[in-house]
Amino acid sequence: MRDWWKQWLTNLGWSQSLLLGTLDIMLVLALTYMILVIISERRTLWMVRGFIILMLASALSGRLGLPLLSFVLEKLVIGCAVAMAVALQSEFRRFLEQLGRGEFRQLFQPDRLAIPKSDSVIDEIVEAVKELSKNRIGALLIVETTGPIDERDFSVPGVKLNAEVSKELIQTIFQPKTLLHDGATLIRGSRIVSSGIILPLSGRTASRQLGTRHRAAMGITERVENCICVVVSEETGSISLAERGTLNRPLTIRKLKESLEALLSPTVDREAVAPGLLSFVRRIGGKTLALVSRLLGLPSTASRDKK
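This one's a predicted model, so the numbers in the text were calculated from it and none came from an experiment. (Residues numbered from 1 in each chain as written. Predicted model: local features only at pLDDT ≥ 70, side-chain atom pairs only at ≥ 80, totals over all residues. Heavy atoms only, no water.)

Caption draft 1: Broad picture of the UniProt feature "transmembrane region" (unreviewed entry) in the protein. Per the UniProt record, "transmembrane region" (unreviewed entry) is found at residues 20-39 and 46-62. Secondary structure content for residues 46-62 is 100% helix and 0% strand, and the end C-alpha separation is 25 Å. (UniProt positions renumbered as here; feature names shortened; annotations may be inferred. Helix = DSSP H or I, 4+ residues; strand = E, 2+ residues; numbered from the N terminus.)

Caption draft 2: Quick peek at the environment of Gly196. Topologically, Gly196 is positioned in strand E4 (residues 191-197). Taking the C-alpha atoms as reference points, Gly196 and Leu140, 56 residues apart in sequence, are found 9.8 Å from one another.

Caption draft 3: Expanded view of unusual backbone geometry. With omega at -15 degrees, the peptide bond leading from Arg249 into Pro250 counts as cis. One non-glycine residue with positive phi stands out, namely Asn162, at about 50 degrees. Asn162 sits in the exposed class, given a relative accessible area of 53%. (Buried < 20%, exposed > 50% of the residue type's maximum accessible area, 1.4 Å probe, protein only.)

Caption draft 4: A look at the side chain of Glu222. Here Glu222 lies in helix H8 (residues 212-223). Looking at Glu222, the relative accessible area reads 9%, which means it is buried. At 2.9 Å, the side chain of Glu222 and the side chain of Ser202 are in polar contact. (Polar contact = N/O pair within 3.5 Å; in protein donor to acceptor, adjacent residues only side chain to side chain.)

Caption draft 5: Summary view of the pattern of salt bridges. Enumeration according to the criterion identifies 7 salt bridges in this entry. Between Arg188 and Glu144 there is a salt bridge, with its nearest N and O atoms 2.8 Å apart. Of this pair, Arg188 sits in strand E3 (residues 184-188) while Glu144 sits in strand E1 (residues 139-144); the two residues are 44 residues apart in sequence, bridging distant segments of the chain. On the basis of relative accessible area, Arg188 is assigned to the partly exposed category, the value being 33%. Residue Glu151 pairs with Lys160 through a salt bridge whose shortest N-O separation is 2.3 Å. (Salt bridge = Lys/Arg side-chain N within 4 Å of Asp/Glu carboxyl O.)

Caption draft 6: Spotlight on the nonpolar core. Residues Ile125, Ile170 and Leu260 are the most contacted members of the largest nonpolar core, which totals 27 residues. Counting only elements with at least two residues in this core, the list comes to helix H6 (119-134), E1, helix H7 (167-173), strand E5 (227-232), strand E6 (239-243) and helix H9 (253-263). By residue number, the principal contributor to this core is H6, which donates 7 residues. Not counting residues within four places of it along the chain, the set of residues in contact with Ile125 comprises Leu141, Val143, Val165, Ile170, Ile187 and Leu260. Grouped together as the second largest cluster of nonpolar side chains are 20 residues, Ile197, Leu210, Ile220 and Cys227 included. (Core = buried A, V, L, I, M, F, W, Y, C linked by side-chain atoms within 4.5 Å. Contact = heavy atoms within 4.5 Å.)

Caption draft 7: Molecular detail of H6. If you check H6, its first and last C-alpha atoms are 22 Å apart, about what 16 residues at 1.5 Å a residue would give, namely 22 Å. Buried within H6 we find Val121, Ile122, Ile125, Val126, Ala128, Val129, Leu132 and Ser133. Taken down its axis, H6 places every buried residue within 165 degrees of arc, on the same side. Across from the buried face of H6, at angles greater than 90 degrees, the exposed residues are Asp119 and Lys134. (Expected span 1.5 Å × (residues − 1). Arc of directions from axis to C-beta.)

Caption draft 8: Main features of the sheet that holds E6. Spatially, the 7 strands line up as an open sheet ordered E2-E4-E3-E1-E5-E6-E7, and their pairing is mixed. Pairing within the sheet leaves two strands with one partner each, and these edge strands are strand E2 (159-164) and strand E7 (246-251). Each strand axis lies, on average, 20 degrees off the axis of its neighbour in the sheet, ignoring direction. Of the pairings in the sheet, the one linking E1 to E3 comprises 3 bridges and is parallel in character. The residue bridging Leu141 from the neighbouring strand is Thr185, located in E3. (Pairing = 2+ DSSP bridges. Axes fitted to C-alpha atoms, helices over the stretch in contact; angles between N-to-C directions.)

Caption draft 9: Region of interest: the pairing of E3. The element E3 is extensively covered by neighbouring structure, given that 4 of its 5 residues are classed as buried. Where E3 and E4 come together, 4 bridges link them in antiparallel fashion. Bridge pairing links Ile187 to Ile192 in E4. The antiparallel pairing of E3 with E4 creates a hairpin that spans 2 residues between the two strands, and Gly189 there sits at a positive phi of about 65 degrees.

Caption draft 10: Representation of the pairing of E6 in the model. Burial within E6 is extensive, with 5 of its 5 residues counted as buried. Neither face of E6 is exposed, since Ile239, Leu241 and Glu243 on one face and Ser240 and Ala242 on the opposite face are all buried. Alignment of E5 against E6, held across 5 bridges, turns out to be antiparallel. Its bridge partner lying in E6, Val230 is registered against Leu241. Linking two consecutive strands that pair antiparallel, namely E5 and E6, is a turn of 6 residues; a positive phi of about 80 degrees is found at Gly237 within it. Where E6 and E7 come together, 4 bridges link them in antiparallel fashion. The residue bridging Ala242 from the neighbouring strand is Leu247, located in E7. Counting the residues that bridge the hairpin from E6 to E7 gives 2 residues, and of these Arg244 lies at a positive phi of roughly 55 degrees.

Encoded structure:
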């Protein structure tokens, strides 16, 4: 009886270590998945993969007893983490905001693909911007690229319109004598949702040539990644396009149309890199079972199906 009790305690310790090891691996997988959801684009995925490889190399060098290599890799990992935090500051800001709001489900929900706008909507926007630029009338358009923008990201939500997008309406809104010309106008799909929106300004150091509209376009695209902003300067009539806090200027009408067509159409670069959570868990579970079967010498599921 005594020997059985000792054996049970030994097995319990082994089971506990196995459970903790499995929990550790699952937490790392969950954290990796959240990072993929935050990044949400393939063009930045290679940077994340390189960072993960550095972390694995650092952990492996520590386990192998290579103190100098481990020290160098640890410092390199810290430097890369700081660089990534700067390069992906809008994504990390969104992650911290969702974490603070308690929106844990959204942390595991990949962003939807870009919703393509029809050519007529893009043409209406381009024609309106062309006339506004020609007449040197200031304008600020917010165009959603994926899901709807949370109004809490605006300083002032503005006035609801819910009207069809047309060049005549856009030009009318931004006429200097109208009440809504000072704010921004939000376009969702083929509808003008609201106008007179007051946006948060960017905290970045910008050129003195940039006015409030440009700083507001940079500010909202820094804070919200699922939108772009088209800006028309009141002083010069120059056209700018803001995306992820970066302002591209000056743009020609032709370049603006090409940029809108590229940004508002689903392409490979804008596809979500994180799969659905259920398919992700199933895939990881299938690979884990296959690995355990190989280690224990058991027949795989595929071979059993063939039999």
